[in-house]
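# Secondary and tertiary structure notes
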Amino acid sequence: MTCELMERPRAGVINPIFTCQPAGAQFVSIGIKDCIGIVHGGQGCVMFVRLIFSQHFKESFELASSSVHEDGAVFGACGRVEQAVDVLLMRYPHVKVVPIISTCSTEVIGDDIDGVVTKLNNGLLKEKYPGREVHLIPIHTPSFVGSMITGYDVAMRDIVAYFAKKTAPSGKLNVFTGWVNPGDVTAIKHLLAAMGIEATVLFEIEAFDAPMMPSGNHVAHGETTIADIEGTANAVGTMALSRYEGGKAAAYLEKEFGLPTIIGPTPIGIRNTDTFLAHLRTLTGKPIPETLVRERGVAIDALTDLTHMFFADKRVAIYGNPDLVIGLAEFCIDLEMQPALLLLGDDNTNYQKDPRIKALKENVDWDMEIVTNADFWELEDRVKNKGLKLDLILGHSKGRFISIDYNIPMVRVGFPTYDRAGMFRHPVVGYAGAIWLAEQMANALFADMEYKHVREWSLNMW
Amino acid sequence: MPYHLFKCSECIPERKEHAVIKGPGETLADALPLGYLNTIPGTISERGCAYCGAKHVIGTPMKDVIHISHGPVGCTYDTWQTKRYISDNDNFQIKYTFATDMKEKHIVFGAEKMLKQNIIEAFTAMPHIKHMTIYQTCASALIGDDINAVAQEVMEEMPDVDIFVCNSPGFGGPSQSGGHHKINIAWINQKVGTFEPKITSDYVINYVGEYNIQGDQVVMDDYFKRMGIQVLSTFTGNGGYDDLRAMHRAHLNVLECARSAEYICNELRKRYGTPRLDIDGFGFGPLGASLRKVALFFGIEDRAKQIIAEETARWKPELDWYAARLEGKKVCLWPGGSKLWHWAHVIHDEMKVDVVSVYTKFGHQGDMEKGIARCEEGALAIDDPNELEGLEAMDMVQPDIIFTGKRPGEVAKKVRVPYLNAHAYHNGPWKGWEGWVRFARDVYNAVYSPILELAKRDISKDEIPTDQGFVTRRMLSDVNLPEEVRNSTELRPYTGEFDNLACYKDKTYPLMEKRPAPGAAA
């Protein structure tokens, strides 16, 4: 009856849970208005990331490649970046922000993207684009370091550090969401509005859920402006919802501008949402209003219908982005479930020091394993060969065949969730997220009971 | 045939020679777009890389193989579960993907040792799989790991396994096409001729350049078997590793996708004298002609004729039902490579749609030549299109539907042009007679979607008919049809099953006797 933290014991990966750093940087890039990132590397590093964004959001996002071919790989490819910037600026006159995102290939050959940026700033931009506001921001995201999670964290920090500028206090609060969905941003903004808090939300990605308009608009894109990012230095404080996706940017602002800063926990579930509101109150002095007491009551009411009757002692495996996984595990425990296995898909050594993981290790009274640097085989091998019994899986679509082949019901959550419709539209954070998650889990269990004819009659009356 | 310079590309005039409009009375000699040249950086091209061309397109459809990429995890993750190449091996090749997970220390100190460890681990985890393909990536190519040597070492230590090495890093060439070439050549150099197959028929073929998208290979395999032909191997959809090692024993290579797999056919011809026969599995006419060609080679044309007669009788009334309703609809045929010419003429001839634009992401000039020759006059042909050019082209040619990839499909959606997935299909398979009807059905369902009709309505300006609770597809498609077509008792919409592959599962085929076959190399 212990909670054990371990690393994947094998050298290799069988079915990866995460992709690599440049993907995280690209996710940050599409959140910024008038911004098109250039990924410096082979074309696949962009083409497939754009594909997976489109699989998840059912939208297309603009990202460019420096299209490094053999000659660049042999002789250096900085010239490809120069050309890419020029071509991009010529053809996209609205573009102001251009992150230059490195990859494994261009880091290995040692292309100096910082030097290229200096050269372009002093040359091309002055000569060909005088008077045009253009920000070229080098982002170092070699694929052999970290994961898509650290890629997001690093890119966000570098972009915030590039723009943040101390002027006059804005009275606004910085709210860094981490790698979330449009539905989450809506839910967070709703809570902020209910508290009467003016906030700068990084990143404004509600528009990732883009409409089909009679006018035929064509681009889904984030709406965070340069002014928004510049203004982060003038905020009353920073509330980062995620420790591993945005934590670095929050820490930067704290150190550089002395902003009061709270990092995490991610407001998944009732308890963490309560904590989030308490943190908001601390940072802004605003009280938690009656409307939220009521909203919370609706959520508590919904959960009470489910928790001890259906969820108690259900064994669940959870994988995906670290703050999401930990938040879901905490919520499941409040729902009387037993998280049996948590999989975190990279080798970040900070997981060991995470107070939430420490708390799990100290307090869990059933067998639980937390695997870092994990792949899907850590889950499948346990189910297939080592007798792990599960009632439910929570995670993204790349793990779908474990659910399918071993007949374990699964709720799609996180990124990417391409094999279920519209998941990006719904929140997992806030009280609304707690209801959505709990009811998704319950309905997955119910459908499974009916499909397998196991106590399906019990749903006649509850 | 004038070159066409898009407005959005006026600032990169070198793009001019990448697009042409097929003018009246003009021939390919007047102009042909450039192809397979280095991509202009920053254009937001749709091209992938040579790694994905090798691993994702050609390597991974092999069904009984551990597919492992030697590099950081992203190449593996990103190309995993983005295709619909199924197999009769419980889709092992779709479900499992392997990465050596190269980290910074490996970049610095080399990753050969951990590659070996990876190989052993993977075979241990999958004891029923005895074959492996190792794909080089940008990172492992640049640090210079000798993958071949590691593979050789493991094969010596583990005599029951066989390993194929594909050195095709992402930066190798302008697009995925470079990877197609590399893996073709690597396979014939390393593996063909190293396994002796069981020959069960007098007529033996390799079916090459077929990737079993949604079951295409299963459908085609059935026709060959009904003619008494043994399909020794399929390169590579639903293909078995050992079967493909035995490619040298076929009498004929039947080539489907000449863009991605002509290389191995040419090498097989050169090294083993096996003839190459190019076919089209799409469309009643081309498919029938293709089966006849294969049958003619073996002197069994009557067997092909019988299949053609049976299948045509069964499915023609259904194809024609759709053709009557799709006549004159404008299509942008914007696939990756070969479907540009596989489909250009036959969707016009048999579904009655007009191809108003063709493009290719990774095709070469030869593909464009065939595509342009086969599409309608006035059509706009584009090589290596980019995001803005695609939008400008759609604005210019005003298509009713576009056949392209998933992500560009999302771009088209926003300008209210429905898309069908040209790579992975909507509700395929689309090969075979029934498949072609399924394709026509998918086109019809997209073009006459009541939601598409609503998408074009601006409720702030347009009149809103308040007496309408619904619109059926036929209320939209049949409005201008002549009475005799609308109420024809001959024609009917598709009558097949949602899963039309189930019937092939345990099908048996009679043994067929050999007949004199002057053309056969047997």
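All values derive from a computational prediction rather than experimental measurement. (Residues numbered from 1 in each chain as written. Chains lettered and ligands numbered in written order. Predicted model: local features only at pLDDT ≥ 70, side-chain atom pairs only at ≥ 80, totals over all residues. Heavy atoms only, no water.)

All names here are of chain A. Read across the sheet, four strands follow the order β8-β7-β9-β10 without closing on themselves; strand pairing throughout is parallel. In this open sheet, the two strands that pair with only one neighbour each are β8 (199-202) and β10 (261-263). Pairs of neighbouring strands in the sheet enclose a mean axial angle of 15°, with direction left out of account. By the bridge criterion, four bridges tie strand β7 (residues 173-176) to β8 in an arrangement that is parallel. In the strand pairing of β8, N174 is matched with T200. Strands in contact with helix α9 (residues 182-194) are β7 and β8; relative to β8, the strand with the most contacts, it is inclined by about 165°. (Pairing = 2+ DSSP bridges. Helix = DSSP H or I, 4+ residues; strand = E, 2+ residues; numbered from the N terminus. Axes fitted to C-alpha atoms, helices over the stretch in contact; angles between N-to-C directions. Contact = heavy atoms within 4.5 Å.)

A separate point is the environment of L136 of chain A. Residue and element names in this part refer to chain A. Along the chain, L136 turns up in strand β6 (residues 135-139). Accessibility expressed as a relative area gives 3% for L136, which makes it buried. Along the primary structure L136 and P16 are separated by 120 residues, whereas in three dimensions their C-alpha atoms are 32 Å apart. Among residues more than four places away in sequence, those in contact with L136 are V85, V98, V117, L120, N121, L125 and Y162. (Buried < 20%, exposed > 50% of the residue type's maximum accessible area, 1.4 Å probe, protein only.)

Tracing the backbone through its elements, the reader meets S168 of chain B in the loop between β5 (162-166) and α8 (177-190). Ignoring any residue separated from it by four or fewer positions in sequence, one finds S168 of chain B in contact with A50, Y51, A54, Q136, G179 and K182 of chain B.

Attention shifts here to the nonpolar core. If you look at the biggest cluster of nonpolar residues, it comprises 136 residues, and the most contacted ones within it are F53, L379 and L394 of chain A. For this core, the leading source of residues is helix α19 (residues 430-452) of chain A, giving eleven residues. Not counting the four nearest positions on each side in its chain, L394 of chain A is found in contact with V316, A317, I318, Y319, L328, C332, V411, V413 and M441 of chain A. By size, the runner-up hydrophobic cluster in this structure holds 105 residues, among which are C49, I94, F235 and L319 of chain B. (Core = buried A, V, L, I, M, F, W, Y, C linked by side-chain atoms within 4.5 Å.)

Right, let's get into helix α12 (residues 284-298) of chain B. Residue and element names in this part refer to chain B. Taking 1.5 Å of rise per residue, 15 residues should cover 21 Å, and α12 covers 21 Å from first to last C-alpha, within 8% of that figure. Every buried residue belonging to α12 is among F284, P286, L287, G288, S290, L291, V294, A295, F297 and F298, and all of these are buried. G299 lies just past α12 and shows a positive phi near 75°. (Expected span 1.5 Å × (residues − 1).)

Turning our eyes to something else, we now look at the domain arrangement of chain A. When the parts of a complex come together, some accessible area is lost, and that lost area is often used as the size of the interface. Residues and elements named next belong to chain A. In terms of domains, chain A is made up of domain 1 (3-14 + 297-459), domain 2 (21-148) and domain 3 (173-293). Taking the mean C-alpha position of each, domain 1 and domain 3 sit 25 Å from one another. With 32 residues of domain 1 at the contact, the number on the domain 3 side is 26 residues. For the pair domain 1 and domain 3, the summed buried area comes to about 2400 Å², and 57% of that belongs to carbon and sulfur atoms. Contact with domain 3 buries surface across domain 1, with D323, V429 and Y431 losing the most and accounting together for 29% of the total. At the surface where domain 1 touches domain 3, the tally comes to three salt bridges. Of the charged contacts in the structure, one is a salt bridge between R425 and D209, with a shortest N-O distance of 2.8 Å. Put simply, the parts of the chain that give the side of domain 1 that touches domain 3 at least two residues each are α13 (290-304), α15 (322-334), α16 (355-363) and α19. (Domains from an automatic or database assignment. Buried area = accessible area lost by both parts, 1.4 Å probe. Salt bridge = Lys/Arg side-chain N within 4 Å of Asp/Glu carboxyl O.)

Under the defined criterion, the tally for this structure stands at 67 salt bridges over all chains. R382 of chain A is paired through a salt bridge with E369 of chain A; the nearest N and O atoms lie 2.7 Å apart. Highlighted residues: R382 of chain A in helix α17 (residues 377-385) and E369 of chain A in strand β13 (residues 368-372), separated in sequence by 13 residues. Among the salt bridges present, the one from K413 of chain B reaches E410 of chain B, with a minimum N-O distance of 2.8 Å. Linking K413 of chain B with E410 of chain B, this pair stays in helix α18 (residues 406-414), spanning three residues, or about one helical turn. Overall, the relative accessible area of 27% leaves K413 of chain B in the partly exposed class.

Residue and element names in this part refer to chain B. In this structure the tally under the stated criterion is 45 aromatic pairs over all chains. Where W343 meets F403, the ring centres are 6.1 Å apart and the plane angle is 85°; that geometry is what we call edge-to-face. Taken together, the residues W343 in helix α14 (residues 339-343) and F403 in strand β13 (residues 401-404) connect sequence positions 60 residues apart. On the accessibility criterion, F403 (1% relative accessible area) is buried. The aromatic ring of W321 is capped on one face by R325, whose charged end is 3.8 Å from the ring centroid. (Phe/Tyr/Trp six-rings, centres within 6.5 Å; stacked < 30°, edge-to-face > 60°. Lys NZ or Arg CZ within 6 Å of the ring centre and 35° of its normal.)

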